[in-house]
Structure formats: C-alpha cells, structure tokens
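Tertiary structure, described
Given next are the chains, with one letter for each unit.
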Amino acid sequence: MRIECPFCGPRDASEFAYYGDAKRRPETSGSDVSRQLYEAVYLRDNPAGRHEDLWYHGGGCRSWLRVTRDTRTHEIFGATFAAGEPS
Amino acid sequence: MRYSFLNLAWQALRGHRDWQPAWRDAAPRPHYDIIIIGGGGHGLATAYYLAKEHGIKNVAVLEKGYIGSGNSGRNTTIIRSNYLLPGNEAFYEWSMKLWEGLEQELNYNAMVSQRGVLNLYHSDAQRDAFARRGNAMILAGAGAELLDAAAVRRILPMLDFDNARFPIRGGLLQRRGGTARHDAVVWGYARGASDRGVDIIQNCEVTGFLREGRRVVGVETTRGRIGARKMGLAVAGSSSRVAALADLKLPIESHVLQAFVSEAIKPFIPGVVTFGAGHFYISQSDKGGLVFGGDIDGYNSYAQRGNLPTVEDVCEGGMALMPAIGRLRILRSWGGLVDMSMDGSPIIDKTPVDGLYLNAGWCYGGFKATPASGWCFAHLLARDEPHPVTAAYRLDRFETGHIIDEKGQGAQPNLH
Ligand SMILES: Cc1cc2nc3c(=O)[nH]c(=O)nc-3n(C[C@H](O)[C@H](O)[C@H](O)COP(=O)(O)OP(=O)(O)OC[C@H]3O[C@@H](n4cnc5c(N)ncnc54)[C@H](O)[C@@H]3O)c2cc1C
C-alpha cells in the first residue's frame, strides 16, 4: 500500500502507523454520555468496502491523516489532514 | 465407518477403491432446530457437540464456500493453554484437555502433537512476567516450566543466544502445548457431526435474517430460505458483516494475519518457539517445512492477503532469533481474516436479538480454542446459559467494564 500524504507526497505504508476508524468522537456532554462513549470506544462499523482510516505519518511529516481505503482490495482513494487543512 | 488398522489393511489390499466420503454434503431442508452459520472448526465442533452431548441432531451448518476455507484451514496450528487471566485460562485449559482426547473421541487422526510451546524471554522484567504467568498456569492445572538459558540451549542450540540487542535469557515452556493438523480437525468434526445427523451445507452464504418482532426465525441464503429456532454465528473475520444483517454492531475489527511456510528441511526445530522481543513464532511441520508467522498487518482488512512490510518484519524477527534459517526459501505465504476483539479475548454469548447467539473475537489464536469453543457454544445454544468456563466471555463486558485484556493494550485491536 502507498498513501498519498498531502504534505510529503506518495509514501510507502510502512512509514505510517494505523490508528483505526476515523469516526469522530462524540461530544462528552449530554445525558447519554456513558453509552455514547462506550459505543465510540468499543463498537466498530468494520465495513467490507470503503473505510475512513486514521494514519499517523511518523516516518514523515508527523501529521495525522484521514485516508479513504477499500478494506476488500486495500485500494487507497485519497488522504487529507485529519485536523483539516493547515492554515 | 470406523477407521481401524484392520480396515486400513483391507483397503490397502484392494487398492483403496472402497473408501466412502467421510461426511454427507447435504442439501438444505426447510427448517432446523438450530442453524450454525460458518463451517469452520468452531461451527462444526459446535454442531458435533450439540448432537453428541445434548442430543440435538436436527442441526445444519451453513458454509458460504467449502468447510475449512476460512481461518481453520489457514492457521499455523499451534495449540497451547498458557494464558494469565482467570477469565481465559480455565477455558483454554479445558480446550487442551479436549485436544488430548480428540483423536479417540472422533476416531480421526488429527495429528495432535504435544511437542511443547516455548516462549522466550530476553530481560529480567520479561522473566518476572513469565514466572507470574507460569504460576497462573500451574494453578489452573495447565503445567509450566521456567527455563534458564542453559536449559533452552539444550533444546534449541541454534538460537542466537548472545544477540547484542535481545540476548536470550530463558523461556517459559508448556510441554503439553504443540500443534495439530488443522484440516483434519475440520474433517474429523464434520464426519462426527454428519454421522450423528447434522446437515453440512456448503456453498450456502447467509445473506439476511428472517425476523418476527425481536426474534430471528431463520436465514436468507444463496440456497433459499431456511427456518430455525436458534442461530449460532461462528464466522470469525466475517462476524461484523453477518451481525450487521441483524442490525448488530460488534466490538470487533477484521484484520489480516499472514503466515509462511519454507521449503522442507531435515528435523531442525523440535517444538514451537516464540521470540519474546518481537512477534515471531515458528514450528516445523511433519513434512519438514518451517511454518511461521508474526504480527497482524495492523489495518482493517477483508482482503485475505497482506502487504510486504509485514513480510519483511516477520522475516527480520526470524533472523534475529535463529540466523541459520536465512538461506531457506519461502515456498508460500497467505493471509486470513481474523476477528480482533477490543480486549483480545473472545465472545461466546447470547446477543440482544432473540434467537441469535454469537461466537466471535478469536483474534489470531482461535485454532487452539476449537474443541472448547464448540463444546461451550453448544452448551449455550442447548441450555441458554453459559458454560462455566466461558462465563466471562460476555458480549456486554465492554460496557460493564469486565474486560479480559491479557496484554493490557486497551481498545486498540491492532495491538492485541
Ligand atoms: C495466518 C493465521 C495463523 C493463525 N495461527 C493460529 C495458531 O497458530 N493457533 C491458533 O490457535 N489460532 C491461529 N489462528 C487463528 C485461528 O485460525 C482462528 O481463530 C480459527 O481458526 C477460527 O475458526 P472459526 O471456525 O471461528 O473460523 P473460520 O475457519 O474462519 O470459519 C468461518 C467460516 O464462516 C464462513 N462464512 C463467513 N461468512 C459467511 C456467511 N455469510 N454465510 C455462511 N458462511 C460464512 C467462512 O467461509 C468460513 O469458512 C491463525 C489465523 C490465521 C489467519
């Protein structure tokens, strides 16, 4: 696998560390917090197909990236900065 | 047919013309008492024990491909019961006891070989951790021996004991651990289940559940609708996909684990050895090939194949441990879809959907669990209560905080 890092360009996947599903964590306020946190921490969609991954480019620019990838083929469709474009 | 020396000799004289298929390739009937989804070792063992121990014979095992085409036929066949935590150790030790009697039980040669599993340690801290784990094993009746470097050297003289970075200080040995022939385990359970009336139905993928209110009452499959009172899910890496058909979201990620086999050489490695400083484990098959593997690739995958950085990493681990294998050629490598749970331990439990039961979360280590997983899942399906050794394998443990995290890594499946 090769990930197209928005800062460094295309790099081998071995430069990156995988965190997991890039789904955003829930707000930690409101009445249902413990249930929401349980779901966010422990439950996974785990789809066969398109998946939004979080990868850390430790061997490069050290950015967190949001990578769209097909879990059936490992095809990578694109990567963006997880925190949004740097200003 | 029961296999014996006598009928083997008889068949040999007749040129092996009269052997019958070991099990029936059945066509689906409209309704069963219990349907097991997934024809791997776990599903087939479950059906076998349902028929044998609980007298429930109106059972079908539905397999989307051919039986044993999942992880049951892809693993590195290591069996052991060297766990630390109380929630795990009693279960894996029960499995080891079942392995010890399996061939007599099934009248099938599963090639169970208790050649020993040795986990190496490389530092004082690691030795202390292994001593603690060994004590837990001894308390559970599993047996364990803490070896120093000299004792390890007597078993495995070719290891790189004086490695500059990770010198080998000793190891934790479970003599009762070893390997078994994975396909034979699948076929043996299939034969035993089929003989007792279980229908084994291949090329039959479950594509949906039939619902009545909060209950599931059957499945949609590529071979039509089939009704059942209860359904047990044992589909390993496909657990999330099949559970999603019943609107369930599981604490599981699917990952790829690779394995490798080398060309055959003369006897070199007597048992199973694991490197304690990286993730590398190796044994030698009866044909002479070295069978080895390491970490999962580490990203969600349904591809049943991995990538090269992991291949390199595994081979580096092997070279650090036993440089003598450096000139061997690798014959094959392959990948399997492992069901990584959030604490690294499995789940055998009812689900919130009435009539649907779950057997999943085996991570990269469920082959050794096959007999006890089948035994305990059958118990749950037949009696609607957990078997005592799987009482901790609850689906709701992540919500209640009763996780069983052998490695202490938290909800990060690629670290377990
Ligand atoms: C490379 C590798 C090495 C391993 N090494 C070891 C080891 O040394 N020791 C150890 O203890 N464990 C090991 N494991 C883990 C072990 O192989 C598994 O945990 C175990 O075999 C799981 O058995 P199972 O019966 O649950 O799953 P499987 O054998 O995977 O069976 C599940 C079946 O379900 C079927 N299925 C999926 N979806 C559907 C559907 N919708 N409808 C119908 N059927 C469906 C699949 O086709 C499959 O045949 C290893 C795994 C891998 C991949």
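The following refers to the structure shown. (Residues numbered from 1 in each chain as written. Chains lettered and ligands numbered in written order. Predicted model: local features only at pLDDT ≥ 70, side-chain atom pairs only at ≥ 80, totals over all residues. Heavy atoms only, no water.)

On a plain count of helices and strands, chain A comes out with one helix and six strands. Starting at the N terminus and walking to the C terminus, you meet the elements of chain A as β-β-β-α-β-β-β. Based on the C-alpha atoms only, the size of chain A along its principal axes is roughly 45 × 35 × 20 Å. Burial status across chain A gives 39% buried among its 87 residues. (Helix = DSSP H or I, 4+ residues; strand = E, 2+ residues; numbered from the N terminus. Buried < 20%, exposed > 50% of the residue type's maximum accessible area, 1.4 Å probe, protein only.)

Attention shifts here to the overall build of chain B. Along its length, chain B carries ten helices and 18 strands. The C-alpha atoms of chain B give a radius of gyration of 21 Å, which matches the 22 Å a tight globule of 416 residues would have. Taking the principal axes of its C-alpha atoms as reference, chain B extends roughly 65 × 65 × 40 Å. A buried classification covers 58% of the 416 residues belonging to chain B. Across chain B, every contact between residues at least 6 apart in sequence was considered, and the portion connecting residues at least 24 apart equals 74%. With an accessible surface of roughly 17100 Å², chain B has 52% of that area assigned to carbon and sulfur atoms. Separation of charge centres in chain B, based on 45 positive and 41 negative side chains, amounts to 5 Å. (Rg over C-alpha atoms; globule rule 2.2 N^0.38 Å. Contact = heavy atoms within 4.5 Å. Areas by Shrake-Rupley, 256 points an atom, 1.4 Å probe, with all protein chains shown as cover. Lys, Arg positive; Asp, Glu negative; His and termini not counted. Charge placed at Lys NZ, Arg CZ, Asp CG, Glu CD.)

This next bit is on the pairing of strand S2 (residues 59–62) of chain B. Residues and elements named next belong to chain B. Burial of the side chains of S2 extends over both faces: Val59 and Val61 are buried on one face and Ala60 and Leu62 on the other. With four bridges joining them, strand S1 (residues 31–37) and S2 adopt parallel strand pairing. Of the residues in S2, the one forming a bridge with Ile37 is Leu62. The handedness of the S1 to S2 crossover, carried by helix H2 (residues 41–54), is right-handed. Across three bridges, the pairing between S2 and strand S8 (residues 199–201) is parallel. Each residue of the ladder has a partner; that of Ala60, found in S8, is Asp199. (Pairing = 2+ DSSP bridges. Right-handed = clockwise from strand over helix to strand, strands pointing away.)

We now examine the packing of helix H3 (residues 86–106) of chain B against helix H9 (residues 370–383) of chain B. Residue and element names in this part refer to chain B. Interaxial distance between H3 and H9 falls to 7 Å at its minimum, and their mutual angle equals 105°. Judged on the interaxial angle alone, H9 and H3 are roughly perpendicular. On the side of H3, the interface is formed by Phe91, Trp94, Ser95, Leu98 and Trp99, while H9 contributes Thr370, Pro371, Ala372, Ser373, Trp375 and Cys376. Here the residues of the contact of H3 with H9 sort into eight nonpolar, three polar and no charged. (Axes fitted to C-alpha atoms, helices over the stretch in contact; angles between N-to-C directions. Parallel < 35°, antiparallel > 145°, perpendicular 65-115°, else oblique. Nonpolar A, V, L, I, M, F, W, Y, C, P; charged D, E, K, R; others polar.)

Okay, the sheet that holds strand S4 (residues 117–121) of chain B next. All names here are of chain B. With respect to topology, eight strands assemble into an open sheet ordered S5-S6-S4-S13-S14-S15-S12-S16, the strand pairing being mixed. The sheet is open, and its two borders are formed by strand S5 (145–148) and strand S16 (330–341), each paired with just one other strand. On average, adjacent strands in this sheet sit at an angle of 25° to one another, irrespective of strand direction. Where S5 lies against strand S6 (residues 170–174), four bridges are found, and the strand directions are antiparallel. From the neighbouring strand, Leu147 faces S6, where its bridge partner is Gly171. The strands that helix H4 (residues 124–139) touches are S4, S5 and S6; relative to S4, the one it contacts most, it runs at about 150°.

All names here are of chain B. Residues in close proximity to the ligand total 38 residues, the closest being Glu63, Asn71, Ser72, Thr76 and Lys368. Within the backbone of Ile78, an N or O atom sits 3.0 Å from a nitrogen atom of the ligand. A distance of 3.1 Å separates an oxygen atom of the ligand from a polar backbone atom of Gly365. When isolated, the ligand has an accessible area of 1000 Å², and the protein chains bury 96% of it. For the shell around the ligand, the secondary-structure elements that each account for two or more residues are H2, strand S12 (252–264) and S16. Per-element accounting of the shell around the ligand gives the leading share, three residues, to S12. Of the residues assigned to the shell around the ligand, the class counts are 16 nonpolar, 17 polar and five charged. Of the residues that make up the shell around the ligand, three or more belong to each of domain 1 (5–77 + 182–251 + 343–415) and domain 2 (112–176 + 253–340). (Near = heavy atom within 4 Å. Polar contact = N/O pair within 3.5 Å; in protein donor to acceptor, adjacent residues only side chain to side chain. Domains from an automatic or database assignment.)

Side chains that are three or four residues apart share a direction in an α-helix, a result of its 3.6 residues per turn. All names here are of chain B. In a regular helix each residue adds 1.5 Å, so 14 residues correspond to 20 Å; helix H8 (residues 308–321) covers 20 Å between its end C-alpha atoms and thus fits that length. Listed as buried for H8 are Thr310, Val311, Val314, Gly317, Gly318 and Leu321. End-on view of H8: buried residues confined to an arc of 125°, all on one side of the axis. Check the buried side of H8 and you find it contacts S4, S12, strand S13 (272–275), strand S14 (280–284) and strand S15 (289–300). (Expected span 1.5 Å × (residues − 1). Arc of directions from axis to C-beta.)

All names here are of chain B. Taken as a whole, the second largest pocket holds about 650 Å³ of empty space. Together, 27 residues line the second largest pocket, and Arg181, His182, Ser285, Lys287 and Val291 are the ones closest to its centre. Contributing elements (two or more residues each) for the lining of the second largest pocket: helix H6 (182–195), S12, S14, S15 and S16. Looking at the lining of the second largest pocket element by element, the count peaks at four residues for S12. (1 Å grid on protein atoms, 1.4 Å probe; cavity = no way out; pocket = protein on both sides within 12 Å on 5 of 7 lines; lining within 4 Å. Points joined across faces, edges and corners; volume = space filled by probe spheres on them.)

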